[in-house]
Amino acid sequence: MSFKSRTGRCLGVVRTIHYLDKRLAAQCKSGSGSQSRPQHLSNADGFLAKRDSSRVPPKLAFLPPPIGHHIPTEDYAPAPLLSSTSRGDVIEVQGPASSGKTHLLYHSVLLCIAPSRQMSIDFGGNGLAAVVYDTDASFDVARLHQLLLTRLSLILPHNIEMARRLTEESLHRLHIFRPTSLLQLATSLLHLPLYHKVSIPEHEIGLLAVDSMSAFYWTDRFIAEQMRNMPQREPHPSSVNPLQHVLTALGRLRLSHAPFIILTNWGLNLASRSSGPVTFYKQHLHPFPVYSEIHDASAPPCSMTGDHPPVPMPLPLTHHITLSPLSIPPFAPEISLRNAVQQEEEYRRSMVQKGEITGLVRTTGRQEITRLTLCITPENVHITHM
């Protein structure tokens, strides 16, 4: 089967990456069998008009806005959440299913690809390229388009056509890949500088996201358990934990391009430490960078999970965000079953209408923990801090 026939189609448009063909096949050959290439899905093109869109000036100055910073409007301009956010920062967003991890990513992507300033109008974005590795196949470009159009329409309430045009131009700066294994993810990350040079030289990469780092956790764990039962032999380079290759590639990109890196992660194992409605989770991936309250600039970042020894990390973690939906309060002991069911339905209906998700933000080198509220509505995503 040819490369093109193996590549899926998303919203009727696919762009193949020919320069990855030989390199990816060579790196995935040993120990992995024949693997399909990671899909490069230009999802945004489904919303773009057939006419050529104008381009923003290349090499815009970039200072990533902190998470929680909204596109300013006349009536609403919340304070930024992380004032210390800067280029090259690495954020892990952890939480259970339906805790808002992808919507938090939508918010960050919008800030990256939205225009910065045109015709003396400040749109609050950066006008830079965003690269998303959608390993969970859950990144919805239609939803992103809706959120971006709503935000720009708030700034241009009397010029909806311009808001639509800017939305289409912004989506041109979004690039989505869908690898089907950690080896594909690592290989694609290693060749991202070449893709950047060939395909998008006019835009700086402002955001790099992997959603989610846990997508291949169970399959990789099964393979690792099977390998333990095999006769001991000298390890082959391809047998190294593929997650280590991913982190190494991310570390290289951080040094060469300094993008704002967001890694979403599942919350599987509860930790004993908790604060209010938010519960912390243990790190189930190994090796993986961990948050530390003590920051030593001279010490290299490391990973420590459970009984595993510390492992040097090529990627330092600067912020960790734990998300959790608001929980239903406990019922009174004397409440009847019928009233309990009715009360639960009312609570759940209220939670869905509010769309509020609570999160805790921990920063490496700091002991204080800040709290954020992620409010998700059909039209927008609001992030405020408490």
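To keep things clear, this report deals only with the structure shown in the data block. (Residues numbered from 1 in each chain as written. Predicted model: local features only at pLDDT ≥ 70, side-chain atom pairs only at ≥ 80, totals over all residues. Heavy atoms only, no water.)

Some remarks on helix α4 (residues 141–155)
Right, so step 1: Here α4 spans 21 Å end to end across 15 residues, near enough to the 21 Å set by a 1.5 Å rise per residue.
Right, so step 2: For α4, the full list of buried residues reads Val141, Arg143, Leu144, His145, Leu147, Leu148, Arg151, Leu152, Ser153 and Ile155.
Right, so step 3: Turning to α4, the residues buried within the fold contact α3 (101–113), β4 (121–122), α5 (160–171), β6 (174–178), β15 (369–376) and β16 (381–385).
Right, so step 4: The N-cap residue of α4 is aspartate 140: its side-chain oxygen and the backbone nitrogen of alanine 142 are 3.0 Å apart. (Helix = DSSP H or I, 4+ residues; strand = E, 2+ residues; numbered from the N terminus. Expected span 1.5 Å × (residues − 1). Buried < 20%, exposed > 50% of the residue type's maximum accessible area, 1.4 Å probe, protein only. Contact = heavy atoms within 4.5 Å. Polar contact = N/O pair within 3.5 Å; in protein donor to acceptor, adjacent residues only side chain to side chain.)

Concerning α5
Right, so step 1: With 12 residues, α5 extends 17 Å from end C-alpha to end C-alpha; this agrees with the ideal 16 Å at 1.5 Å per step.
Right, so step 2: Among all positions in α5, only Met162, Ala163, Leu166, Thr167, Glu168, Glu169, Ser170 and Leu171 are buried.
Right, so step 3: Contacts made by the buried residues of α5 are with α3, β3 (117–118), α4 and β6.

Some thoughts on the pattern of salt bridges
Right, so step 1: Tallied over the full model, the rule gives four salt bridges.
Right, so step 2: A salt bridge links glutamate 161 to arginine 164; the shortest N-O distance between them is 3.2 Å. Residue glutamate 161 and its partner arginine 164 are located together in helix α5, separated by three residues, close to a single helical turn.
Right, so step 3: Taking the relative accessible area as the measure of exposure, arginine 164 reaches 43% and is therefore partly exposed.
Right, so step 4: Here glutamate 169 and arginine 165 are joined by a salt bridge, their closest N and O atoms 2.8 Å apart. One end of the pair, glutamate 169, and the other, arginine 165, are both in helix α5, four residues apart, so they sit about a helical turn from each other.
Right, so step 5: You can call glutamate 169 buried: its relative accessible area is 5%.
Right, so step 6: Note on arginine 165: relative accessible area 26%, which makes it partly exposed. (Salt bridge = Lys/Arg side-chain N within 4 Å of Asp/Glu carboxyl O.)

Any functional reading would require information that these geometric values do not contain.
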